[in-house]
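Listed below are the residues making up each chain.
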Amino acid sequence: MIQTYNILSLLLDYPTAELWDCREEVLPAFTAEGVLSEKALGSVRSFLDYVAMFTDVRSWQAAYSDLFDSSTKTNLYLFDMVYGTSRDRGQAMVDLKEEYLRAGLMPAEDELPDYLPMYLQYVANMVNEAEAHAAIDDIHDVLSKMDERFTKEQHPYEPLICILKEI
């Protein structure tokens, strides 16, 4: 299960050349771990079909930037869905960063702590599945809001958000 969170984190993050080179290993890795339902595996296939439209990693990166850098409705920041631009968001960021540090995870300095791929790395580093489930349950309402927005916008990353809601 922990591997599943790592893979989802990589898929939701800015595409790298390494991920591009390993994209055909994604579905077998999910299948091998055996955590995802057939429906969720179908969502993975749907997302991988989207990725297959690109001719190289640069075109995928450009599409990713277009999708996430130009829209405030569909982004991958958890607290944006909860706090918007409220001042409370700042304290929540500090608290989450401290939680990462207590867990031994050094958050990337170039990204906000509430960035979903970073949160998934935090979950993937948990000691057991029960803790991982609890951490995902903590953000279930946020994932539901995110999924609603992504669905409305027919966003190609929606299948990955949907999977997170169902794990």
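This is a predicted model, so every value here is computed, not measured. (Residues numbered from 1 in each chain as written. Predicted model: local features only at pLDDT ≥ 70, side-chain atom pairs only at ≥ 80, totals over all residues. Heavy atoms only, no water.)

Asks: Would you mind showing me how to read the packing of aromatic side chains here?
Replies: Here the distance between the centres and the angle between the planes together describe a pair of aromatic rings. Under the definition given, this model contains 13 aromatic pairs. For the ring pair Trp20 and Trp60, a centre distance of 6.1 Å and an interplane angle of 55° mean the geometry is tilted. With Trp20 in helix H2 (residues 17–22) and Trp60 in helix H5 (residues 57–69), this residue pair connects regions lying 40 residues apart in the sequence. For the residue pair Trp20 and Trp60, the accessibility class agrees, reading buried in each case. Summarising the aromatic geometry, the rings of Tyr64 and Phe68 are spaced 4.6 Å apart at their centres and angled 50° between planes, so their arrangement reads as tilted. Of the two residues, Tyr64 and Phe68 are both situated in helix H5; the distance of four residues between them amounts to about one turn of the helix. Taken as a pair, Tyr64 and Phe68 share a single burial class, namely buried. Members of the aromatic cluster, connected to one another through ring pairs, are Tyr14, Phe47, Tyr50, Phe54, Tyr64, Phe68, Phe150 and Tyr157. (Phe/Tyr/Trp six-rings, centres within 6.5 Å; stacked < 30°, edge-to-face > 60°. Helix = DSSP H or I, 4+ residues; strand = E, 2+ residues; numbered from the N terminus. Buried < 20%, exposed > 50% of the residue type's maximum accessible area, 1.4 Å probe, protein only.)

Asks: Teacher, can you tell me more about unusual backbone geometry here?
Replies: In most cases, non-glycine residues show a negative phi, while peptide bonds are predominantly trans. We note that Gln154 has phi near 50°; this positive angle belongs to a residue other than glycine. By the element assignment, Gln154 lies in the loop between helix H10 (140–152) and helix H11 (158–166). The exposure class assigned to Gln154 is exposed, which follows from its relative accessible area of 71%.

Asks: Mind showing me how you'd approach the pattern of salt bridges here?
Replies: Evaluated as defined, the whole model comprises six salt bridges. We note a salt bridge from Lys39 to Glu166, for which the minimum N-O separation is 3.3 Å. Within this pair, whereas Lys39 is found in helix H4 (residues 38–52), its partner Glu166 is found in helix H11, the two being separated by 127 residues in sequence. Judged by its relative accessible area of 58%, Lys39 falls in the exposed class. A relative accessible area of 40% places Glu166 in the partly exposed class. Linked through salt bridges whose partners overlap, the residues forming this network are Asp80, Arg89 and Asp114. (Salt bridge = Lys/Arg side-chain N within 4 Å of Asp/Glu carboxyl O.)

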